[in-house]
Amino acid sequence: MDIKVRYFASLRDRMGKGDEAVSFDQDTVTVADLWSKVSSESMPDSILVAVNMEYTDSSHELKNGDEVAFFPPVTGG
Amino acid sequence: MKVFITKDALDPYKEILDFENTALPAGKHGGVVSFVGTMRDFNDGQDVSAMDLDYYPGMTEHHIERVCQEAIDEWDVMDTLVVHRVGKMVPTDPIVLVAVWSAHRKDGFDACRYIINYLKDSAPFWKCEVTTSGEKHWVEHNSEDPGVAARKGLKKSA
């Protein structure tokens, strides 16, 4: 399973990159599994997650080709 | 409904006039309610000299379009215009425009407030401020607005 991962704002700075491609051998992968693969730290409570540009949570099961974005609280307007 | 993100300087009052002259039928609306957000030269007790606004292309537009449609469905609104600036800007620059055309003012005010509150609450934008001493930092949260938490309560059906 291939997942495209994107990071924004302070999280992009912390991860040192804006995006990356992540592959899994197993068929069942959640957002939490993905976070564990890209970071050695536990996922901060304040971090928001979107799959294919819709807000969701860390229990969301991913599909091949999904785009997953992690980012801090939004501050527009 | 029109939503767009721009890196260019924003003249919100020209955008309102241009949209009204091209998209609204003449003589049918009773008013336009607008909110224009501008950049302050202070935040959280610090003097701010510049700002860089980041966003998530695609998701940002998609979520603003959705909330404009919710407002059009919820209130008696004829049309909506949202323009949000991104990239580098300085104090006094307009950041965001929300404009709502309606036959009657109550629907216009309610819909405009709903859209700007949603935007601040949920649309993926992030402000990175530069202070007058040259320090750069990401803004961690928007200032508290009780209207945001209560936005569902604004809806007529709620």
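What you see is a predicted model, and the numbers here were worked out from it, not measured in a lab. (Residues numbered from 1 in each chain as written. Chains lettered and ligands numbered in written order. Predicted model: local features only at pLDDT ≥ 70, side-chain atom pairs only at ≥ 80, totals over all residues.)

> Please clarify how the overall build of chain A should be interpreted in this entry.
Looking only at helices and strands, chain A has 2 helices and 5 strands in total. Walking chain A from its N terminus toward its C terminus, one meets helices and strands in the order β-α-β-α-β-β-β. Radius of gyration (C-alpha) of chain A: 12 Å, near the 11 Å computed for a compact globule of 77 residues. With the principal axes as the frame, chain A shows a C-alpha extent of 40 × 25 × 20 Å. By the burial criterion, 26% of the 77 residues in chain A qualify as buried. Pairs at least 24 apart in sequence give 52% of the contacts found in chain A among residues at least 6 apart. (Helix = DSSP H or I, 4+ residues; strand = E, 2+ residues; numbered from the N terminus. Rg over C-alpha atoms; globule rule 2.2 N^0.38 Å. Buried ≥ 20, exposed ≤ 12 C-beta atoms within 10 Å, placed from the backbone. Contact = placed C-beta atoms within 7 Å.)

> Explain the nonpolar core to me, please; I cannot follow it from the model alone.
Soluble globular proteins: nonpolar side chains tend toward being buried together. Ranked by internal contacts, the top residues of the largest apolar core, which has 52 residues, are Val82(B), Val98(B) and Ile115(B). Not counting chain neighbours up to four residues away, the residues in contact with Val98(B) comprise Ser34(B), Phe35(B), Val82(B), Cys112(B), Ile115(B) and Ile116(B). (Core = buried A, V, L, I, M, F, W, Y, C linked by C-beta atoms within 7 Å.)

> How should the packing of helix H2 (residues 59-74) of chain B against helix H3 (residues 105-122) of chain B be read in this particular structure?
Axes are the key here: two packed helices are described by the angle between their axes and the distance separating the axes. All names here are of chain B. Look at H2 against H3: their axes get within 9 Å of each other, and the N-to-C directions meet at 155°. As judged from the angle between their axes, H2 and H3 are roughly antiparallel. When you trace H2 past H3, the crossing you get is right-handed. From H2, His63, Ile64, Val67, Cys68 and Ala71 reach across to H3, where they touch Ala111, Tyr114, Ile115, Tyr118, Leu119 and Ser122. (Axes fitted to C-alpha atoms, helices over the stretch in contact; angles between N-to-C directions. Parallel < 35°, antiparallel > 145°, perpendicular 65-115°, else oblique. Left-handed = near helix turned anticlockwise from the far one by under 90°.)

> Teacher, can you tell me more about the interface of chain A and chain B here?
Interface size, as often reported, equals the accessible area lost upon joining of the parts. Contacts between chain A and chain B engage 13 residues on the former and 22 residues on the latter. Taken together, the elements giving at least two residues each to the side of chain A that touches chain B come down to helix H1 (9-15) and strand S5 (67-71) of chain A. Within the side of chain A that touches chain B, the residues separate by chemical class into 9 nonpolar, 4 polar and no charged. (Nonpolar A, V, L, I, M, F, W, Y, C, P; charged D, E, K, R; others polar.)

> Got a minute to help me understand unusual backbone geometry in this structure?
Backbone phi values are negative for most residues with the exception of glycine, while trans is the configuration of most peptide bonds. Backbone geometry places Met53(A), a non-glycine residue, at a positive phi of 70°. Topologically, Met53(A) is positioned in the loop between strand S3 (48-51) and strand S4 (54-56). Since 16 C-beta atoms lie within 10 Å of it, Met53(A) is described here as partly exposed. The residue Thr92(B) is not glycine, and still its phi comes out positive at about 85°. Locating Thr92(B) in the fold gives a position in the loop between strand S6 (87-89) and strand S7 (94-102).

> Before we go on, may I ask you to explain the sheet that holds strand S1 (residues 2-7) of chain A in this structure?
Sheet strands line up and pair through hydrogen bonds in the backbone, either parallel or antiparallel. Residue and element names in this part refer to chain A. Overall, mixed pairing links the 5 strands, which are arranged S2-S1-S5-S3-S4 in an open sheet. Two strands close off the open sheet at either side, each with one partner strand: strand S2 (19-23) and S4. Direction aside, the axes of adjacent strands within the sheet are offset by 30° on average. Here 4 bridges tie S1 to S5, and the two strands are oriented parallel to one another. Within S5, the position partnered with Tyr7 by the bridge is Phe70. (Pairing = 2+ DSSP bridges.)

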